[in-house]
Amino acid sequence: MRSSPFANRAKISKMYSLGYTAVAVLLKYFSHAQALGLDCQAALRAAGLDNHLLSDNSRRISGEQHERLLLNLLEQSGDPLFGLHAARYVQPGSWSVLGYITMNCATLGQAMARILPYEKLVGGMGTSHIATHDTQVQLSWQCHYPNSPVRRQLIENVLASWLHYARWIADMHYSPQQVWLEHARPADCRQAEYEEHFGCPVLFEQPCNALLIPQGYLQLPLRQADASLLRTLEQHASGLLARLDEQQPLPQRVRNLLRQMLGEGLPRKERVAEQLHMTLRTLQRHLQQAGTSYQEILDQLRRELAEHYLQHSELPIQDIAAYLGFSETRSFHRSFKQWTGCTPGQYREQHKATSGLGG
């Protein structure tokens, strides 16, 4: 029986739930599905969703339902590039309020800067990051979904949607310098298909999923900038975010913060408590009442990310250890063996033997 690194997922705390997805996100998938003549009602039923779901963009569905729905559409279509092709149907409403906020910014750089603070309104599918390197900007996206077929489709859809949408709001047809994808190129897809779609070289098995663009693109003016409307939309979005955070259990909020902060080094408990507007003692007490602790949440997150990078990248183990905040590689080895019963190197080799790297 084929082993799975996520076989014990059900035993992990509920904070490992895939979260939620705004209904607006689904529309581009259904537009592509309808163009292919697929049975959209069957996909909704497979996900346990009602037929009237798509008529209310204010609704949210669970990440698990999103995953089942997309799996059904993939199976129906037989299209190995379903996510990439669905990106052609992106529109402002595809990202809920965030889409309209970016549309009303003055420049492409300002629009990109709005992704990070407001992307939670779209869902819990992944986390974006922006990094500047010399004359180049790296806009990356870390996917939270572990299921390989769905994960690859989501990654390709998000990056392609960013590009299609940027071309539309800036009224231009520029392309990135490169596109990076963490997964291996699917055996049934040609390299040329990807490069025709993105208009640039596409590199696989990279350390992250990203669009690499010249810094000069950040100054591109947007065709529908409206500063007054932008302020109104951002006020509305801030209210939605506040209500959304209040609805999430504290352990999930702590996990969300840790995920964002890990790339900057090992997060300090005091800083997390400060971000949540409470003292460290209060944070620890509330987490204890929820049946968990700061260290348990951090360890669970580190384990999930470690398994992901060992499976889906060729990053050196010492680099993975450093990203996860371990000061020494041997400390990472010791912790990983406690989590899984094997060393990072053994885990990587076992995964290669059973399923191979990539998507």
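First, a word on what this report is: a plain description of the structure on this page. (Residues numbered from 1 in each chain as written. Predicted model: local features only at pLDDT ≥ 70, side-chain atom pairs only at ≥ 80, totals over all residues. Heavy atoms only, no water.)

### A short note on the environment of Ala 24
- As for its position among the elements, Ala 24 is in helix H1 (residues 23-35).
- Once residues within four sequence positions are removed from consideration, Ala 24 is found in contact with Asn 57, Gly 93, Ser 94 and Ser 96. (Helix = DSSP H or I, 4+ residues; strand = E, 2+ residues; numbered from the N terminus. Contact = heavy atoms within 4.5 Å.)

### A few points about the packing of aromatic side chains
- For the coordinates displayed, the defined rule picks out ten aromatic pairs.
- Ring plane angle 70° and centroid distance 6.2 Å describe the contact between Phe 336 and Trp 339, whose orientation is recorded as edge-to-face. Highlighted residues: Phe 336 and Trp 339, both in helix H16 (residues 329-340), separated by three residues, approximately one helical turn. The residues Phe 336 and Trp 339 share a single accessibility class, namely buried.
- Each residue in the set Phe 326, Phe 332, Phe 336, Trp 339 and Tyr 347 is aromatic and connected to the rest through ring pairs, giving one cluster.
- The side chain of Arg 60 reaches across the aromatic face of Tyr 20, ending 5.0 Å from its centre. (Phe/Tyr/Trp six-rings, centres within 6.5 Å; stacked < 30°, edge-to-face > 60°. Buried < 20%, exposed > 50% of the residue type's maximum accessible area, 1.4 Å probe, protein only. Lys NZ or Arg CZ within 6 Å of the ring centre and 35° of its normal.)

### Quick notes on helix H9 (residues 191-198)
- Looking at H9, one finds that the buried residues are Tyr 194, His 197 and Phe 198. With its buried residues spanning 85° around the axis, H9 presents them on a single face.
- Lining the buried residues of H9 we find helix H4 (82-86), helix H8 (148-169), strand E5 (178-180), strand E6 (202-203) and strand E7 (210-214). (Arc of directions from axis to C-beta.)

### Points about unusual backbone geometry
- Within the chain, Ser 96 stands out as a residue other than glycine whose phi angle is a positive 55°.
- Position of Ser 96 relative to the elements: it lies in helix H5 (residues 96-103).
- Positive phi, normally seen in glycine, also occurs at Glu 205, with a value near 55°.
- You can see Glu 205 is positioned in the loop between E6 and E7.

### Re the pairing of E7
- In terms of burial, E7 is largely enclosed, as five of its five residues are buried.
- Relative to E7, E5 is paired through three bridges, and the arrangement is antiparallel. Along E7, the bridge assignment pairs Trp 180 with Ala 210. (Pairing = 2+ DSSP bridges.)

### Focus on the side chain of Thr 102
- Turning to its location among the elements, Thr 102 is positioned in helix H5.
- Apart from residues lying up to four places away in sequence, Thr 102 is in contact with Ala 111, Arg 114, Tyr 165, Ile 169 and Leu 222.

### Points about the nonpolar core
- Counting 75 residues, the largest nonpolar core has Leu 69, Trp 141, Leu 154, Leu 159, Trp 162, Tyr 194 and Phe 198 as the members making the most contacts within it.
- In terms of residue count, the dominant contributor to this core is H8 (eleven residues).
- Setting aside chain neighbours within four positions, we find Trp 162 in contact with Trp 95, Ile 115, Ser 128, Leu 139, Ser 140, Trp 141 and Leu 211. (Core = buried A, V, L, I, M, F, W, Y, C linked by side-chain atoms within 4.5 Å.)

### Comments concerning H5
- Within H5, six of the eight residues are buried, leaving the element largely enclosed by the surrounding structure.
- If you check which residues of H5 are buried, you get Val 97, Leu 98, Gly 99, Ile 101, Thr 102 and Met 103.

### Considerations on the pattern of salt bridges
- Taken as a whole, this structure holds eight salt bridges when the rule is applied.
- Between Glu 270 and Arg 268 there is a salt bridge; the shortest N-O distance is 3.7 Å.
- Judged by relative accessible area, Glu 270 falls into the partly exposed class, the value being 39%.
- A salt bridge links Glu 328 to Arg 330, with the nearest nitrogen and oxygen atoms 2.8 Å apart.
- Using a relative accessible area of 35% as the deciding quantity, one classes Glu 328 as partly exposed. (Salt bridge = Lys/Arg side-chain N within 4 Å of Asp/Glu carboxyl O.)

### A short note on the packing of H8 against H9
- In contact at an axis separation of 10 Å, H8 and H9 are set at 30° when each is read in the N-to-C sense. In terms of orientation, H8 and H9 fall into the roughly parallel class. Two secondary-structure elements touch here, H8 through Arg 152, Glu 156, Leu 159, Ala 160, Leu 163, His 164 and Arg 167 and H9 through Tyr 194, His 197 and Phe 198.
- Here the residues of the contact of H8 with H9 sort into five nonpolar, two polar and three charged. (Axes fitted to C-alpha atoms, helices over the stretch in contact; angles between N-to-C directions. Parallel < 35°, antiparallel > 145°, perpendicular 65-115°, else oblique. Nonpolar A, V, L, I, M, F, W, Y, C, P; charged D, E, K, R; others polar.)

### Some words on the environment of Leu 220
- Mapping Leu 220 onto the fold places it in the loop between E7 and helix H10 (227-247).
- Distance in space between the C-alpha atoms of Leu 220 and Val 202 is 23 Å, their sequence separation being 18 residues.
- In this view, Leu 220 contacts Ala 106, Thr 107, Leu 108, Met 172 and Tyr 174; residues no more than four positions away in its chain are not counted.

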